[in-house]
Amino acid sequence: MESPSASAHRGHVPWQGLLLAISLLTFRSPPTAAQLTVASINAAEGKDVLLLVHSLPENRGGYTWYRGERVDSDRGIGAFSIETEKFTPGPAHSGRETIDSNGSLLFQKVTLNDTGYYTIVVTKKDFLTEKATGQLTVYPELTKPNITSNNSNPEEHKDAVLLACEQETEDTTYLWLINSQSLQDSTRLELSKDNRTLTLFHVTRNDTGPYECETRNPVSLGRSDPFTLNVLYGPDTPTISPSDSHYRPGANLRLSCHAASNPPAQYSWLINGRPQQPKRELFIPSITANDSGSYTCLAHNPDTGLNRTTVKTITVTDVSTSSTPGLSGGAIAGIVIGVLAVVALIAALVYFLYIRKTGGASDQHDATEHKPSASNHSQDHSEKSPNKIHEVTYSSLNFNAQEAKKPTSASPSPVATETIYSEVKKK
C-alpha cells in the first residue's frame, strides 16, 4: 500500500486519507521563526470574501482548511495540492469555497451562516505542518432605514411622540439626528437602550424636526429620509393691524387680524358686539362717527379647539387731536416780567431803608462829636418838652410796569405808573 505522501504527489489520495495524514503530522510540527497567521475580516452579506494567509513556510506542499478552531475531519472544507494545483472538497464544503495557490480561502457570496472561525493546516514537503486560525464575521448589508411614529399630529404641550428607526437588525448601531445635528441633552428626550426608538415628551411647535436616523455596522451605513412632525398648536393671542385707532370721517377703514396657529386659524369679527362676515380682513369704506366703537377679532383653531380674541377701539372724529386749554405765550411773558418787577421793587426798598438808616446814624454821630453842647441842649430841651415833635421824612419811588400782550392796534400800549410811599421816622 502506498504512503499518503506518495499518493498526494499524483493527486489520487482520498479525502479521509489526506486528513488522517495531516492529523498525524500536526503533532510533529515544531515551532518556526515566522508565525503563520490568518487575517480576520468583516464582510457584508452577499459579497465575495478572501481569508488571507500570512507568513507561509518556504517548503510547503499543500493546504487544508477546516471550519472551526480545531482540526476535525468532519468539518473539513477542502485540500489543495501545490504540485498538482488540484483542489479536493471536504465534507463541510458548501460549493462556494475554493483554495488559492497561496493558501487563501475564497468565499463566494458569503451568508450570515458563514460567520465563524476557520483553520488552515499547511503541510510541508518534509511532512511537518503549521496551523493558524482566523475569524470571518458576516454582517447584513443595511438597507435604507425608515422612521415610524405613533402620532404624527401631536398637540403642543399635551402629547408625547415615539419615533422608531426601522428595520431592526442585530449588531447594528442606531444614531438620531434633529435638523441634521446630533441629539442634545434634554429632559424631554429619551432613547431606548439600543437607541432604536426616540421618545419626545410634551412636544412643542419647535419639535417639528426634520428627524433622521442612521443605522451602522462594520461594513455598511444607512440613513433614512427626513421625517417631520405636524405639531398642532395655537391660536396665539391675535394682533390687529394697523395700530392706528383714530380716523377722520370719510377715510377707509381696513383692519387685518393674525394669530400664530397650526393649522391656520379661522377668523371672524364683531363690531360693537355685532357679528360680521367671517374673514381675516375687515374693510369699511368712507367711515363716519357711527363707525366708532370696539372691533373684536376672534381666532379659532378647529384641530386644537382653542379660541383667542383681541379688541381694538376705533374713534372717528373731525379733529384728530384735541386742543388743550392753556396760557398764551404773551400772557406767560407778562407774568414773568411782573414777578421780576416785584422782586426788583422789594430789593430796592430794602436797600433804600438800609442806606437811610446807616446814613442817619452816621450824621447824628458826627453832629454829636462836633457840637456836644448844642446836642445836649437839644436833647434836654426835647426831653423836657411836653409835646415831642416827630420828624417824618417821605420818599417816593415810581415804577412803570407794562403788561405784555398782543398788539391790537397801532396805538401805543398804555403804561401804568404806580407810586409807592415809604415813611421814615426820626426821633
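Before reading further, recall that the structure is shown in the block above.
Here the structure is a predicted model, which means the values were calculated and not measured.

With that settled, the discussion passes to the sheet that holds strand β22 (residues 253–258). Sheet architecture is open: 3 strands sit in the order β20-β22-β25, paired in antiparallel fashion. Because the sheet does not close on itself, it has two edges, and the strands there are β20 (239–241) and β25 (281–284). Shown here is a sheet whose adjacent strand axes are inclined to one another by a mean of 20°, direction ignored. Sheet analysis places β20 next to β22, joined by 3 bridges and oriented antiparallel. Paired with Ser241 across the strands is Ser256, a residue of β22.

Attention shifts here to the pattern of salt bridges. Applying the stated criterion across every chain, the model contains 14 salt bridges. The shortest N-O distance in the salt bridge between Lys158 and Glu155 comes to 3.7 Å. Between Arg188 and Asp207 there is a salt bridge, with its nearest N and O atoms 2.9 Å apart. In this pair, Arg188 is assigned in the loop between β15 (181–182) and β16 (189–191) and Asp207 in the loop between β17 (197–200) and β18 (211–217), connecting sequence segments 19 residues apart. When salt bridges that share partners are traced, they join Glu212, Glu214, Arg216 and Arg223 into one network.

Enumeration according to the criterion identifies 2 aromatic pairs in this entry. Note on Tyr63 and Phe80: the rings are 6.3 Å apart at their centroids and 20° apart in plane angle, and the pair reads as stacked. With Tyr63 in strand β5 (residues 60–67) and Phe80 in strand β6 (residues 76–81), this residue pair connects regions lying 17 residues apart in the sequence. Between Phe107 and Tyr118 the ring centres are 5.1 Å apart and the planes differ by 70°, which places this aromatic pair in the edge-to-face class. Here Tyr118 lies in strand β10 (residues 116–124) and Phe107 lies in strand β9 (residues 105–107), a separation of 11 residues in the sequence. Exposure remark for Phe107: the relative accessible area of 0% places this residue in the buried category. By relative accessible area, which is 1% here, Tyr118 ends up buried.

On to the sheet that holds strand β23 (residues 266–271). With mixed pairing, the 5 strands of this open sheet are ordered in space as β21-β27-β26-β23-β24. The sheet is open, and its two borders are formed by β21 (246–247) and β24 (274–275), each paired with just one other strand. Of the pairings in the sheet, the one linking β23 to strand β26 (residues 293–300) comprises 6 bridges and is antiparallel in character. Counted as the bridge partner of Gln266 is His300 from β26.

This part covers the state of the cysteines. The tally for this structure, following the rule as stated, stands at 2 disulfides. Disulfide partner of Cys165: Cys213, at an S-S distance of 2.1 Å. Taking the torsion about the S-S bond as the criterion, the Cys165 to Cys213 disulfide, at about 70°, is right-handed. In this pair, Cys165 sits in strand β13 (residues 161–166) while Cys213 sits in strand β18, placing the two residues 48 residues apart along the sequence. Each member of the pair, Cys165 as well as Cys213, carries the same accessibility label: buried. Covalently, Cys257 is tied to Cys297 through a disulfide, its sulfur atoms 1.8 Å apart. Taking the sign of the torsion about the S-S bond as the criterion, the disulfide between Cys257 and Cys297, at about -90°, is left-handed. With Cys257 in strand β22 and Cys297 in strand β26, this pair connects stretches of sequence that are 40 residues apart. By relative accessible area, which is 0% here, Cys257 ends up buried. Here Cys297 falls in the buried class, since its relative accessible area comes to 0%.

This brings us to the nonpolar core. Grouped together as the largest cluster of nonpolar side chains are 21 residues, with contacts concentrated most on Leu51, Trp65, Leu105, Phe107, Tyr118, Ile120 and Leu136. Contributing elements (two or more residues each) for this core: β3 (49–51), β5, β6, β9, β10 and β11 (129–139). Those residues in contact with Leu51 that lie beyond four places of it in its chain are Val38, Ala39, Ile41, Trp65, Ser104, Leu105, Phe107, Tyr118, Gln135 and Leu136. Judged by nonpolar contacts, the second largest core, of 18 residues, contains Tyr247, Trp269, Leu282 and Ile314.

Definitions and cut-offs
Residues numbered from 1 in each chain as written. Predicted model: local features only at pLDDT ≥ 70, side-chain atom pairs only at ≥ 80, totals over all residues. Heavy atoms only, no water. Pairing = 2+ DSSP bridges. Helix = DSSP H or I, 4+ residues; strand = E, 2+ residues; numbered from the N terminus. Axes fitted to C-alpha atoms, helices over the stretch in contact; angles between N-to-C directions. Salt bridge = Lys/Arg side-chain N within 4 Å of Asp/Glu carboxyl O. Phe/Tyr/Trp six-rings, centres within 6.5 Å; stacked < 30°, edge-to-face > 60°. Buried < 20%, exposed > 50% of the residue type's maximum accessible area, 1.4 Å probe, protein only. Disulfide = S-S within 2.5 Å. Core = buried A, V, L, I, M, F, W, Y, C linked by side-chain atoms within 4.5 Å. Contact = heavy atoms within 4.5 Å.

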